[in-house]
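Chain residues, written in single-letter form:
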Amino acid sequence: QVTLVESGGGVVQAGGSLRLSCEASGPTLGTRAMGWYRQAPGKEREFVAAETWSGGAIYYGDSVRGRFTISRDNGKSAVYLQMNSLKPEDTAVYYCVADPSVSRMAHDGSADYWGQGIQVTVSS
């Protein structure tokens, strides 16, 4: 069983930056791909970013591409999300996810493991 714990959320003004962190524990097969989803109130869950263990494949959602950067530290079993040029519409609960397949995570909207979620609020 993989456990994911997010940190780094909070409140920031529009145009600002935040960095989310997620540390994983458990079988490494389950964290072959790690990434982020988000869900805003009243909206459907949205894919944000995902990356394979090797970093050979990285995916971004259309709404964050060019502003957000995903990275991993495999030594720490961690994944990070650097969020720049934040907009009020980025306000959401952000979930760290892990799955053996990055394709499933990025294209199918699903993952085997989910963190508890962390709030990011961008004020205008």
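The structure we're discussing is the one just above.
Structural notes, computed from the coordinates. What you see is a predicted model; the values in this text were computed from it and never measured. Residue positions are given per chain, counting from 1 as you read along its sequence in written order. Under the rules for a predicted model, residues below a pLDDT of 70 receive no local features and side-chain atom pairs below 80 are neither given nor counted, while totals for whole chains, interfaces and linings still include all residues. By convention in this description, side-chain values take in all heavy atoms of the structure and omit both hydrogens and water.

## Describing the packing of aromatic side chains
The description of an aromatic ring pair rests on the distance of the ring centres and on the angle between the ring planes. Each aromatic pair joins two rings of Phe, Tyr and Trp (for Trp, the six-membered one) with centres within 6.5 Å, and gets the label stacked for planes under 30 degrees apart, edge-to-face for over 60, and tilted for any other angle. Under the defined criterion, the tally for this structure stands at three aromatic pairs. The interplanar angle of 70° and the centroid separation of 5.5 Å between the aromatic rings of Tyr37 and Phe47 together place this pair among those described as edge-to-face. Of this pair, Tyr37 sits in strand 4 (residues 33–39) while Phe47 sits in strand 5 (residues 46–52), placing them 10 residues apart in sequence. Of the residues examined, Tyr37 reaches a relative accessible area of 2% and is grouped as buried. Ring geometry for Tyr95 against Trp114: centres 6.1 Å apart, planes inclined by 70°, an arrangement best described as edge-to-face. Every helix listed is a DSSP run of H or I at least four residues long, and every strand listed is a run of E at least two residues long, numbered separately from the N terminus. Each residue gets one of three labels from its accessible area relative to the maximum for its type: buried under 20%, exposed over 50%, partly exposed in between, using a 1.4 Å probe on protein chains only.

## So, the state of the cysteines
Here, two cysteine sulfur atoms that lie within 2.5 Å of each other are counted as a disulfide. Scanning the entire structure with this criterion turns up one disulfide. What pairs with Cys22 in a disulfide is Cys96, and their sulfur atoms sit 2.0 Å apart. Taking the sign of the S-S torsion, -80° for the link of Cys22 and Cys96, the bridge is left-handed. Residue Cys22 is located in strand 3 (residues 18–25), and its partner Cys96 is located in strand 9 (residues 92–99); the two are separated by 74 residues in the primary sequence. With respect to burial, Cys22 and Cys96 carry one shared label: buried.

## A look at unusual backbone geometry
Phi angles above zero are rare outside glycine, and Ser77 is one such case at about 50°. Position of Ser77 relative to the elements: it lies in the loop between strand 7 (68–73) and strand 8 (78–83). The backbone of Ser85 shows a phi angle near 50°, a positive value even though the residue is not glycine. Summarising the element assignment, Ser85 is placed in the loop between strand 8 and strand 9. Owing to a relative accessible area of 41%, Ser85 belongs among the partly exposed residues under this scheme.

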